[in-house]
Amino acid sequence: MKNKLKLGIAGAGNIFKVAHAPVLAVHSEIELVAICDPIADRAKQQAEQWGIPHFYTNYEEMLANHPDLNAIDICAP
């Protein structure tokens, strides 16, 4: 069985909601592990909507808690 790509998301705004999330959701080889956004409610809402188990308000905390991430999708200007 092939290992999934463990992905963290930086930014839970419109770039993520409209462009990135719908595309990532159809790829079974990608596991969305965590999402971070400075606005906690926005991070929580997107985590719940897309089945992302962890959310944070800064990327440093996300990285510290998930050192096994393979990549970060930066959805912020």
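Our subject is the structure that appears above.
Residues numbered from 1 in each chain as written. Predicted model: local features only at pLDDT ≥ 70, side-chain atom pairs only at ≥ 80, totals over all residues. Heavy atoms only, no water.

Summarise the pairing of strand β2 (residues 30-36); cite the residues concerned and give the values.
Note on strand geometry: in a regular strand, side chains alternate between the two faces of the sheet. Of all seven residues that make up β2, six are buried, and the element is covered over most of its length. Note: strand β1 (residues 5-10) against β2, six bridges, orientation parallel. In the sheet register, G8 faces β2, and the bridge partner there is A34. In the classification by handedness, the crossover that spans β1, the intervening helix α1 (residues 14-25) and the parallel β2 is right-handed. Relative to strand β3 (residues 54-56), β2 runs parallel, the two sharing three bridges. For C36, the partnering residue across the bridge sits in β3 and is Y56. (Buried < 20%, exposed > 50% of the residue type's maximum accessible area, 1.4 Å probe, protein only. Helix = DSSP H or I, 4+ residues; strand = E, 2+ residues; numbered from the N terminus. Pairing = 2+ DSSP bridges. Right-handed = clockwise from strand over helix to strand, strands pointing away.)

Describe the nonpolar core, listing the residues and the values that go with them.
Counting residues in each nonpolar core, the largest one holds 12 residues, listed as L7, I9, A12, F16, A21, L24, I30, L32, I35, A47, I52 and C75. Counting residues per element, the ones that place at least two in this core are β1, α1 and β2. Here L24 is in contact with L7, I9, F16, I30, L32 and D73, once residues within four sequence places are set aside. (Core = buried A, V, L, I, M, F, W, Y, C linked by side-chain atoms within 4.5 Å. Contact = heavy atoms within 4.5 Å.)

Can you lay out the pattern of salt bridges for me, pointing to particular residues and giving the numbers?
If you walk through the whole model with that rule in mind, you get two salt bridges. A salt bridge links K6 to D68; its shortest N-O distance comes to 3.1 Å. In this pair, K6 is assigned in strand β1 and D68 in the loop between α3 (59-65) and β4 (71-74), connecting sequence segments 62 residues apart. For D68, a relative accessible area of 41% translates into the label partly exposed. Across the salt bridge formed by D37 and R42, the nearest N and O atoms sit 2.9 Å from each other. Owing to a relative accessible area of 3%, D37 belongs among the buried residues under this scheme. What makes R42 partly exposed here is its relative accessible area of 30%. (Salt bridge = Lys/Arg side-chain N within 4 Å of Asp/Glu carboxyl O.)

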